[in-house]
Amino acid sequence: MDEIFEKVQAVVDRYDEISELLSDPAVIGDTNRFMALSKEEGSLRDTVDVFRRYKKVVEDIESDNELLREKLDPDMEELTKDELKELTAEKEEMEAQLKVLLLPKDPNDDKNIIMEIHGAAGGEEAALFAADLYNMYARYAEKQGWQVEIIDENKTEIGGYKEVVLMITGNNVYSKLKFENGAHRVQRVPETETAGRVHTSTATVGVMPEYEDVDITIEDKDLRVDVFRASGAGGQHINKTSSAVRMTHLPTGIVVSMQDQRSQQQNRTKAMEIMKARVYDFFASQNEAEYAEQRKTAVGTGDRSERIRTYNYPQNRVTDHRIGLSLSKLDRIVNGELDDIIDALVIADQTAKLEALKN
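The rules we used
- Residues numbered from 1 in each chain as written.
- Predicted model: local features only at pLDDT ≥ 70, side-chain atom pairs only at ≥ 80, totals over all residues.
- Heavy atoms only, no water.
- Helix = DSSP H or I, 4+ residues; strand = E, 2+ residues; numbered from the N terminus.
- Salt bridge = Lys/Arg side-chain N within 4 Å of Asp/Glu carboxyl O.
- Buried < 20%, exposed > 50% of the residue type's maximum accessible area, 1.4 Å probe, protein only.
- Pairing = 2+ DSSP bridges.
- Axes fitted to C-alpha atoms, helices over the stretch in contact; angles between N-to-C directions.
- Core = buried A, V, L, I, M, F, W, Y, C linked by side-chain atoms within 4.5 Å.
- Contact = heavy atoms within 4.5 Å.
- Parallel < 35°, antiparallel > 145°, perpendicular 65-115°, else oblique.
- Left-handed = near helix turned anticlockwise from the far one by under 90°.
- Nonpolar A, V, L, I, M, F, W, Y, C, P; charged D, E, K, R; others polar.
- Patch = residues over 30% accessible without salt bridge, like charges linked within 9 Å, V, L, I, M, F, W, Y side chains within 5 Å.
- Areas by Shrake-Rupley, 256 points an atom, 1.4 Å probe, with all protein chains shown as cover.
- Lys, Arg positive; Asp, Glu negative; His and termini not counted.
- Charge placed at Lys NZ, Arg CZ, Asp CG, Glu CD.
- 1 Å grid on protein atoms, 1.4 Å probe; cavity = no way out; pocket = protein on both sides within 12 Å on 5 of 7 lines; lining within 4 Å.
- Points joined across faces, edges and corners; volume = space filled by probe spheres on them.
- Phe/Tyr/Trp six-rings, centres within 6.5 Å; stacked < 30°, edge-to-face > 60°.
- Lys NZ or Arg CZ within 6 Å of the ring centre and 35° of its normal.

Asker: I'm lost on the environment of Q266 in this one. Help?
Answerer: Position of Q266 relative to the elements: it lies in helix α8 (residues 264–284). Sequence separation between Q266 and A244 is 22 residues; the distance between their C-alpha atoms is 9.4 Å.

Asker: Help me understand the pattern of salt bridges, please; the structure alone is not making it clear to me.
Answerer: Charged atoms that come close allow side chains of opposite charge to pair. In the structure shown here, the tally under the stated rule is 21 salt bridges. A salt bridge links D222 to K221, with the nearest nitrogen and oxygen atoms 3.5 Å apart. When its relative accessible area of 19% is taken as the criterion, D222 is described as buried. On the accessibility criterion, K221 (67% relative accessible area) is exposed. We note a salt bridge from D320 to R309, for which the minimum N-O separation is 3.1 Å. Of this pair, D320 sits in strand β10 (residues 317–320) while R309 is found in strand β9 (residues 307–312), placing the two residues 11 residues apart along the sequence.

Asker: Is there a simple way to explain the sheet that holds strand β4 (residues 182–188) in this structure?
Answerer: Strand pairing within a sheet occurs via backbone hydrogen bonds; the two strands may be parallel or antiparallel. The eight strands lie next to each other as β2-β3-β1-β5-β4-β9-β10-β11, forming an open sheet whose pairing is mixed. This sheet does not close on itself; its edge strands, each paired only once, are β2 (147–155) and β11 (325–327). Pairwise comparison of adjacent strand axes, ignoring direction, gives a mean angle of 15° for this sheet. As paired elements, β4 and strand β5 (residues 199–209) share seven bridges and run antiparallel to each other. When the bridges of β5 are listed, A183 appears paired with T204.

Asker: Would you mind going over unusual backbone geometry with me for this structure?
Answerer: Among all residues except glycine, the phi angle is most often negative; among peptide bonds, the trans geometry is most common. Phi is positive for N172, close to 55°, though the residue is something other than glycine. Residue placement: N172 occurs in the loop between β3 (161–169) and α6 (173–177). Among the residues examined, N172 registers a relative accessible area of 39% and is labelled partly exposed. Positive phi, close to 50°, is recorded for N316, a residue that is not glycine. Relative to the elements of secondary structure, N316 occurs in the loop between β9 and β10. According to the relative accessible area criterion, N316 is partly exposed, its value standing at 26%.

Asker: How should the nonpolar core be read in this particular structure?
Answerer: Proteins that are soluble and globular tend to have nonpolar side chains buried together. In terms of nonpolar packing, the biggest core is built from 36 residues, with M115, I117, L133, Y137, I168, L177 and Y311 touching the most fellow members. At the level of elements, β1 (113–119), α5 (123–144), β3, α6, β5, α10 (330–333) and α11 (339–358) are the ones that each hand at least two residues to this core. No other element matches α5, which puts 10 residues into this core. Excluding its chain neighbours within four sequence positions, the residues that come into contact with L177 are I113, M115, Y137, Y140, W146, I168, V207 and I342. Of all hydrophobic cores here, the second largest spans 20 residues; its members include L22, Y54, L84 and L87.

Asker: Honestly, the packing of helix α3 (residues 31–68) against helix α4 (residues 74–101) in this entry has me stumped. Any pointers?
Answerer: Between two packed helices, the angle of one axis relative to the other and the distance separating the axes together describe the packing. Between α3 and α4, the shortest axis-to-axis distance is 9 Å and the interhelical angle comes to 150°. By the angle between their axes, α3 is roughly antiparallel relative to α4. In this structure, α3 meets α4 at a crossing whose hand is left-handed. Of the residues belonging to the contact of α3 with α4, the class tally is 13 nonpolar, five polar and 10 charged.

Asker: Explanation requested: the sheet that holds strand β7 (residues 244–249) in the structure shown.
Answerer: Across the sheet, three strands lie side by side as β6-β7-β8; this open sheet has antiparallel pairing. Every other strand in the sheet has two partners, leaving β6 (223–228) and β8 (254–258) as the edge strands with one partner each. For this sheet the average axis-to-axis angle between neighbouring strands, irrespective of direction, equals 15°. Sheet topology places β6 next to β7; six bridges connect them, and they run antiparallel. Bridge assignment links D226 to a residue of β7, and that residue is R246.

Asker: What is the right way to look at a negative patch on the surface in this model?
Answerer: On the surface, a cluster of negative charge is contributed by D73, D75, E78, D82, E83 and E86. Secondary-structure assignment places D75 in helix α4. Among the residues examined, D75 registers a relative accessible area of 62% and is labelled exposed.

Asker: What exactly am I supposed to notice about the environment of I150 here?
Answerer: Of note, I150 is situated in strand β2. Of the residues examined, I150 reaches a relative accessible area of 21% and is grouped as partly exposed. Each C-alpha atom, one on I150 and one on Y134, is 9.8 Å from the other, the two residues being 16 residues apart in sequence.

Asker: Would you mind going over the layout of surface pockets with me for this structure?
Answerer: Using a probe with the size of a water molecule, rolled over the atoms, empty space left in the structure can be pinpointed. There is about 1500 Å³ of room inside the largest pocket. If you go around the largest pocket, you meet 41 residues; those closest to its centre are K105, D106, D109, D110 and N172. Every element with two or more residues in the lining of the largest pocket is listed here: α3, α4, α6 and α11. If you tally residues by element for the lining of the largest pocket, the top one is α11, at seven residues.

Asker: Hey, could you run me through the packing of aromatic side chains in this one?
Answerer: The geometry of an aromatic ring pair is captured by two quantities: the separation of the ring centres and the angle between the planes. According to the stated counting rule, one finds four aromatic pairs in the structure shown. Consider the rings of Y134 and Y161, whose centres lie 5.8 Å apart with planes at 80°: the pair is edge-to-face. Note that Y134 is positioned in helix α5 and Y161 in strand β3, a separation of 27 residues in sequence. Across the pair, exposure class does not vary: Y134 and Y161 are buried alike. Taken together, a centroid distance of 5.6 Å and an interplanar angle of 85° make the contact between Y140 and W146 edge-to-face. W146 shares its class with Y140; the two are buried. When the ring centre of Y313 is taken as reference, the NZ or CZ atom of R188 above it lies at 4.9 Å.

Everything listed here is a matter of geometry and, on its own, says nothing about what the molecule does.
Now the structure itself:
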């Protein structure tokens, strides 16, 4: 624990330093620096709070041990022993908490996300399942106090989605939804099935952090922008004017099409948001082969062998295959009650990281 104590003390020292800086008039007058320091202070606060409580518990344990070395009446001795037992358990719990809090942070955890949901294997039923996944994430986002905006969609005639692209904004969105990457499988009797047979279909989910202007700059010379008439719903205005935008990043060949907005400028703005996320992912992976593999992992091809989760409607069960978790409350999960799954995935990730540190 001495090594952890030293690391946490360094965090506390940095926290105290930031607190002083935030009261400095020069820092207060520098909006960007003030915001950056405030954000850093917030990221350290949980660790500092737990550590201060930990130190208090250690002091109380030492005091109780001192008392037990004295001659106490039986009742007082029993009370002290009971308190010591509780404090010891609390100390062990906080040591575990501190180990987790000291794990390296994903720098994208506090970012907003762009989520892509595609109907994959299963035709119209896969598109309907993609719509169900969209509704599930939208309801979960609402429970978290996040905002959801559809920035591109390709609907089917009976209400499914061949593709829907979302922007989800709020606190720590990426940290909770980053594990949703992959192929999701559904087993149920489709609305279009007359014989009552259970079908299996898939939809894929991709989650990318939203990258701000400070993260990446895309030069105008590297873009080709084509405009065309939008198709599908939208009325005469959309169909008679060239409001849709197809944006191509020439160095990478990445293409983004956007036709959901009413004006060409709005479509350009939304297309650029998605383009930045995809181009950043491309360069972050360092080469095209790694990028292709990363996108395959993140979004998936829809092949059933790639599934990360199965939604079994006849048995009202959801199974996450990565951690072997099965929950018999599919009806509540598709209604946005994802906390049990997401919390289990976070814990599994933290456990794996702790094991890696030990080894």
